[in-house]
Amino acid sequence: GLLEAALPTEDDRVKLEAALALERIYGEEKDPKALVSVLEIVARLDEALDALTGEHLIIQAFDVTARRLAEGRLQHLAYHDSLTNLANRSLLSDRLAQAIEGARQNPTDQFSLLHLRFERFRQLSDSLGRGVGDRFLIAIAQRIQALMRPSDLLARLEGDDFGILVLHRGDG
């Protein structure tokens, strides 16, 4: 069959089966019991390879969970405000570019961009402390977000500056 044509030797097929078994069983689960199952399968494949060719498998495995979590966190921080967890200026800019391109391609798709700034925020923060100012920004962000549609985007640009991208999709 096709597998035999692509992998002409039994040795190649055993290596492929080992790789597929490792990915399928351990894959995204990161379950220690699944890892034990993987190691048992590798031991059986090694025995089969030894019986066929007299060679043994050498398996090198690394747990990259912490690295992937850190990469995901960095990716999130690149596009989100660390205080409010809202989108940041970069994400708003990306989505605005997409909205502009969408409106060019389909004139019935429109958008609105709103800018919000809270007067006297600096006075509030300076007189009552930064912690109070931060809590104010978080509360405001949550209240605004609760009123928005999932398709719209609220972003904290800096300080007390917020941007809202509202998408208006046309029928045609």
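These numbers come from a predicted model, not from an experiment.

Student: Would you mind showing me how to read the overall build of the protein here?
Tutor: Regarding its fold elements, the protein presents seven helices and three strands. When the helices and strands of the protein are read in sequence order from the N terminus, they spell out α-α-α-α-α-β-α-α-β-β. In the protein, 51% of the contacts between residues at least 6 apart in sequence involve partners at least 24 apart.

Student: Which parts of the structure should I look at to understand the sheet that holds strand S1 (residues 110-117)?
Tutor: In a beta sheet, neighbouring strands pair by backbone hydrogen bonds and run either parallel or antiparallel. An order of S1-S3-S2 is seen for the three strands of this open sheet, with the pairing classed as antiparallel. Taken across any chain shown, the strands that pair with only one partner, and hence form the sheet edges, are S1 and strand S2 (153-158). Each strand of the sheet is rotated relative to its neighbour by a mean of 20°, with strand direction disregarded. Along the sheet, helix H7 (residues 130-147) contacts S1, S2 and strand S3 (161-168); its crossing angle with S2, the most-contacted strand, is approximately 155°.

Student: What should I look at first to understand the pattern of salt bridges in this one?
Tutor: Oppositely charged side chains can pair when the atoms bearing their charge come close. A full pass over the atoms with the stated rule returns seven salt bridges. Asp 109 serves as the salt-bridge partner of Arg 169, at 3.5 Å between the closest nitrogen and oxygen. Of the two residues, Arg 169 sits in the segment after S3 while Asp 109 sits in the loop between helix H5 (89-105) and S1, which places them 60 residues apart along the sequence. For Asp 152, the salt bridge is made with Arg 149, and the minimal N-O distance between the two is 2.8 Å.

Conventions and cut-offs
- Think of each chain on its own: its residues are numbered from 1, step by step along the sequence as written.
- Only residues with pLDDT of at least 70 get local features here, since the model is predicted, and only at 80 or more are side-chain atom pairs given and counted; chain-wide, interface and lining totals rely on the full set of residues.
- To obtain the side-chain values, all non-hydrogen atoms of the structure were included, while hydrogens and water were left out.
- Elements are defined by DSSP. Helices are runs of H or I of four residues or more, strands are runs of E of two residues or more, and each kind is numbered from the N terminus.
- Residue contacts follow a heavy-atom distance rule, with two residues in contact if any of their heavy atoms lie within 4.5 Å.
- By this definition, two strands are paired if DSSP reports at least two bridges between them.
- Between the N-to-C directions of two axes lies an angle of 0 to 180 degrees, each axis being a line fitted to C-alpha atoms and, for a helix, fitted only over the stretch in contact.
- A carboxyl oxygen of Asp or Glu within 4 Å of a side-chain nitrogen of Lys or Arg is what we treat as a salt bridge.

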